[in-house]
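# Notes for the structure review
Spelled out, the chains give:
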Amino acid sequence: MSDLEILKTSLMSDIAAALDEGSIEAVRVSALGKKGSISELLKTLGKMSPEERKTRGAEINAMRDEVAEAIAARKSELKAAAIAERLKAETVDVSLPVRSSPAERGRIHPISQIVDEITAIFGDMGFSIAEGPDVETDYYNFTALNFPEGHPAREMHDTFFFGADEKGERKVLRTHTSPVQIRTMEAEEPPIRIIIPGKTYRQDSDATHSPMFHQVEGLVIDKKANVANLRWVLEEFCKAFFEVDSVTMRFRPSFFPFTEPSFEVDIQCDRSGPIVKFGEGTDWMEILGCGMVHPNVLKFGGLDPDEYQGFAWGMGLDRIAMLKYGMPDLRDFFNADARWMTHYGFRPLDMPTLFAGLSS
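Structural notes, computed from the coordinates. What you see is a predicted model, and the numbers here were worked out from it, not measured in a lab.

## Comments concerning the state of the cysteines
Under the defined criterion, the tally for this structure stands at zero disulfides. Distance from the sulfur of Cys 238, which forms no disulfide, to the nearest cysteine sulfur (Cys 290) is 10 Å. Taking the relative accessible area as the measure of exposure, Cys 238 reaches 0% and is therefore buried. No disulfide involves Cys 269; its sulfur sits 11 Å from that of Cys 238, the nearest cysteine.

## Considerations on the packing of aromatic side chains
A complete count under the given rule lists 18 aromatic pairs for this structure. Taking the centre distance of 5.2 Å and the plane angle of 45° together, the rings of Trp 340 and Tyr 344 count as tilted. Note that Trp 340 and Tyr 344 are positioned in helix α13 (residues 338-344) at a spacing of four residues, about one turn of the helix. Here Trp 340 matches Tyr 344 in class, with each residue buried. Taken together, Phe 122, Phe 127, Phe 237, Phe 241, Phe 242, Phe 278, Phe 311 and Trp 313 form an aromatic cluster joined through their ring pairs.

## With respect to the environment of Ser 272
For Ser 272, the position within the fold is in the loop between β8 (259-270) and β9 (277-278). Given a relative accessible area of 65%, Ser 272 falls into the exposed group. Here the side chain of Ser 272 touches Asp 270 through a polar contact of 2.7 Å, side chain to side chain.

About the criteria used
- Residues numbered from 1 in each chain as written.
- Predicted model: local features only at pLDDT ≥ 70, side-chain atom pairs only at ≥ 80, totals over all residues.
- Heavy atoms only, no water.
- Disulfide = S-S within 2.5 Å.
- Buried < 20%, exposed > 50% of the residue type's maximum accessible area, 1.4 Å probe, protein only.
- Phe/Tyr/Trp six-rings, centres within 6.5 Å; stacked < 30°, edge-to-face > 60°.
- Helix = DSSP H or I, 4+ residues; strand = E, 2+ residues; numbered from the N terminus.
- Polar contact = N/O pair within 3.5 Å; in protein donor to acceptor, adjacent residues only side chain to side chain.

Structure, rendered in structure tokens:
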């Protein structure tokens, strides 16, 4: 048996033994690659005499063609086998239910939904959205809001303080969104009609309190703003937000450093069942604080209290979300429980509108 026949037999055996596309590719490279066994033989053709080239050269070329054809055939077989195996492993059980799309499975967090609802309500009344930083100076968080140094109300807020800077001043995580009221008065000329949704921070944690929570405040500044206007705005908001035809409210005297007079607002409700129902019943529930903007706050905002007056109110977004949608524990808002989100979350394409219903 000649050396060419031995080589051909060996290569054919390797081709037949290849079990996958990677193996057959390795055989091809070893035989027909740049430095393959057959390629090395083909390089000797130039040194052969014409007689040798007619015989041995023809044998080498014939072997090359035969080996290449065998490799191609085996590669085709292995490719078909690989596809068949993959199809077998990736079969789909058509009896399984079709998976819903991400838009169907995804949910909007209730806080985001509440912000959208409030924005829709107050936007219809002509209010705009205002925002400010979460990390505030003592001046904007307390002093400009009529909290003098040493005032006990500073302690009531259980404030998160940062370390003192090079000037000895300590910044804070804002305890309310009220600093945005001062920043807006400094930047804009009256009339001002804004709502301020955002995160706030206090050292408190239980079923109805969280170290980080959400508030929304409203501010109206002009030359004729009064308590009657304030009451109308709050009544219209509560009717739209709780989606009832009428509400009964009562204003109780209270104290806030930044408003004078100050009120806490109760809304009539029915708490006899598992959920609170507004617009009916004989019970009362406090939902927010409000009042006429204190003259000192107007001065800190750069406005003349003899020329301008205004009213403001504030409420917890998490609390009113719990009241409206029957969520029992505030801490669940921040637990990232997918089951809770599936139950209480909102479909992403259902945007709240006044004409179609806020929570439809």
